[in-house]
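# Coordinates in review
The residues making up each chain are set out below.
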Amino acid sequence: MVAEITEMFRERALLVPQHVTDEEMKKVRYHETLRSDIRQFVNRSSCKTLEDMIVRGKKREIDLEMERNRNPDQDKLTAKKHMKYILQIKKKKDDIESALTEHLRINGAYWGLNTLDILGKLKAVEQEAIISWVMSCQHEFDISTLQNKDDSFSGDKLGEINMRFSYLTICSLSLLKSLDKINVEKVMEYIVSCKNLDKGFGCTPGAKSHSGQIFCCVGVLAITGCLHYVDKDLLGWWLCERQVKSEGVNGRSEKLPDVCYSWWVLSSLILIDRGYWIDKEKLVKFILECQDFENGGISDRPDNAVDVFHTYFGVAGLSLLEHPRLKAIDLAYALHVDVINRIFLK
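These notes cover the structure that comes with them. (Residues numbered from 1 in each chain as written. Predicted model: local features only at pLDDT ≥ 70, side-chain atom pairs only at ≥ 80, totals over all residues. Heavy atoms only, no water.)

This part is about the overall build of the chain. A count of helices and strands for the chain gives 15 helices and two strands. The proportion of buried residues among the 346 residues of the chain is 42%. Sequence separation of 24 or more characterises 62% of the internal contacts of the chain that already satisfy a separation of 6 or more. Surface accessibility of the chain: about 20400 Å² in total, with carbon and sulfur atoms responsible for 54%. (Helix = DSSP H or I, 4+ residues; strand = E, 2+ residues; numbered from the N terminus. Buried < 20%, exposed > 50% of the residue type's maximum accessible area, 1.4 Å probe, protein only. Contact = heavy atoms within 4.5 Å. Areas by Shrake-Rupley, 256 points an atom, 1.4 Å probe, with all protein chains shown as cover.)

Here's what the structure looks like:
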């Protein structure tokens, strides 16, 4: 718009009568011509007044300046830096952060290793050492004993109930080909009891719908072949409404966007054949903007501190969005597709 006006003004300057010798008169005639042109241009544009046009022009100048200063890495995935970030985490065993999150180390291994696998960088770790460490964490415990009388599952002997424990149980037993250890039909009945009027799912019956809990429920239903319990259109509508103006997605209404929900929301949408109901290009842009371009890692939102949790779900979300050079990930198991194929097709 600014360029168009400028060109028009330049052309009008040539039309000022040459026989007008008085310089002040030339300016008057020139300004009169320009005011007439501006009025005509405003009438043809979406701007109702010259003030509106000035405001839009200034905004455009700011946008252009931001574009000039834009980080060249902002439109691409800095895979090597993310690999370096993950490999450095395991070396920081003496940090206060490491001590405070000791209970999450097995989770961190899952997030970090899966990230490396999707990036095609799994060979960067000492696999035998990791296997040995994971096996050292094993307890002699029957997971099926965590099924409660209402057919929910507890996370441990302390008894916390949450839909994520139902998902983890079904997912683990399925990978071990041991679903016969529990009453799957009763589990389905419990999951359906957690469905709300908006057709989303909560962590327990009567709890509000939440994107993370929805993934757990939809994931279980997909693994067990019971997706017919889902109202795909209404649940799809609830999920696609999670995308906000900043282009990311949130976990529930009136909340800020968060990179991890890129996975929870999009995987659920694709599982119910509604993945095309979300603006994928904008979601890719949001995830990429949450990267630490200097040190690697991905945060929940742009310019926040990174962590391995959001790094994994950011990369996993980009995999679902078919970002270049990323391995495919299974929608229900949240593992590299080749891993699932090795388990079930061998």
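Structure shown, so let's carry the discussion forward.
Overall, the coordinates contain 10 aromatic pairs when judged by the stated rule. When the centroid spacing of 5.7 Å and the interplanar angle of 40° are considered together, the rings of Y333 and F344 count as tilted. Highlighted residues: Y333 in the loop between α14 (308-320) and α15 (337-344) and F344 in helix α15, separated in sequence by 11 residues. By the ring-pair criterion, three or more aromatic residues cluster together here, those being Y110, W111, Y167, F215, W263, W264, F309, Y312 and F313. When the ring centre of W238 is taken as reference, the NZ or CZ atom of R242 above it lies at 4.5 Å. (Phe/Tyr/Trp six-rings, centres within 6.5 Å; stacked < 30°, edge-to-face > 60°. Lys NZ or Arg CZ within 6 Å of the ring centre and 35° of its normal.)

Together, I106, W133 and V134 give the surface a local cluster of nonpolar side chains, amounting to about 230 Å² of exposed area. On the secondary structure map, V134 appears in helix α7 (residues 127-136). (Patch = residues over 30% accessible without salt bridge, like charges linked within 9 Å, V, L, I, M, F, W, Y side chains within 5 Å. Salt bridge = Lys/Arg side-chain N within 4 Å of Asp/Glu carboxyl O.)

Going through the model one piece at a time under the given rule, you end up with eight salt bridges. One salt bridge in this structure joins E289 and K285, with 2.7 Å as the shortest N-O distance. You can see E289 and its partner K285 sitting in helix α13 (residues 280-289), four residues apart, about one turn around the helix. A relative accessible area of 17% places E289 in the buried class. The class of K285 is partly exposed, set by a relative accessible area of 33%.

This next bit is on the nonpolar core. Counting residues in hydrophobic clusters, the biggest one holds 68 residues, and the most contacted among them are I191 and W263. Once you skip the residues sitting within four places of it in the chain, I191 turns out to touch M163, F201, C217, V220 and L221. Residues M83, L87, L116 and V125 belong to the second largest nonpolar core, which totals six residues. (Core = buried A, V, L, I, M, F, W, Y, C linked by side-chain atoms within 4.5 Å.)

This paragraph deals with helix α6 (residues 105-119). With 15 residues, α6 should cover 21 Å at 1.5 Å per step; its first-to-last C-alpha distance of 21 Å lies within 8% of that length. Of all the residues in α6, the buried ones are A109, W111, G112, N114, T115, L116, D117, I118 and L119. As for α6, its buried residues are in contact with α4 (79-89), α7, α14 and α15. Positive phi shows up at G120, right after α6, with a value of about 75°. (Expected span 1.5 Å × (residues − 1).)

Turning to unusual backbone geometry, a few remarks are in order. One non-glycine residue, E254, lies in the positive phi region at around 70°. Its place among the elements puts E254 in the loop between α11 (232-240) and α12 (260-271). In this structure E254 comes out as exposed when scored by relative accessible area, which is 79%. Unusually for a residue other than glycine, R325 sits at a positive phi of about 65°. Tracing the backbone shows R325 in the loop between α14 and α15.

In an α-helix, one turn spans 3.6 residues; hence positions three or four apart end up facing the same way. Between its first and last C-alpha, helix α8 (residues 163-175) extends 18 Å over 13 residues, near the 18 Å set by a 1.5 Å rise per residue. Three or more residues of α8 are buried, namely M163, F165, S166, Y167, T169, I170, C171, L173 and S174. Packed against the buried residues of α8 are α9 (184-193), α10 (211-223) and α15. Its side-chain oxygen at 3.0 Å from the backbone nitrogen of R164, N162 defines the N-terminal cap of α8. (Polar contact = N/O pair within 3.5 Å; in protein donor to acceptor, adjacent residues only side chain to side chain.)

So, on to the packing of α8 against α10. Between α8 and α10, whose axes approach to 9 Å, the crossing angle comes to 30°. Judged by the inter-axis angle, α8 sits roughly parallel to α10. In this structure, the crossing between α8 and α10 has a hand that is left-handed. Within the contact between the two elements, α8 uses M163, R164, S166, Y167, I170, C171 and S174 and α10 uses Q213, F215, C216, C217, G219, V220 and I223. Residue composition of the contact of α8 with α10, grouped by class: nine nonpolar, four polar and one charged. (Axes fitted to C-alpha atoms, helices over the stretch in contact; angles between N-to-C directions. Parallel < 35°, antiparallel > 145°, perpendicular 65-115°, else oblique. Left-handed = near helix turned anticlockwise from the far one by under 90°. Nonpolar A, V, L, I, M, F, W, Y, C, P; charged D, E, K, R; others polar.)

Residue placement: S209 occurs in the loop between α9 and α10. In sequence terms S209 and D198 are 11 residues apart; their C-alpha atoms lie 7.9 Å from each other. Sequence-distant contacts of S209, defined by excluding residues within four places in its chain, comprise N196, D198, G200, F201, G202, W238 and R252. Of the polar contacts made by the side chain of S209, one reaches the side chain of N196; its length is 2.9 Å.

Take T169: it is sitting in helix α8. Given the relative accessible area of 3%, T169 is considered buried. Once the C-alpha coordinates of T169 and V220 are considered, the two residues, 51 residues apart in sequence, prove to be 9.3 Å apart. Excluding anything up to four places from it in sequence, T169 contacts I143 and F153.

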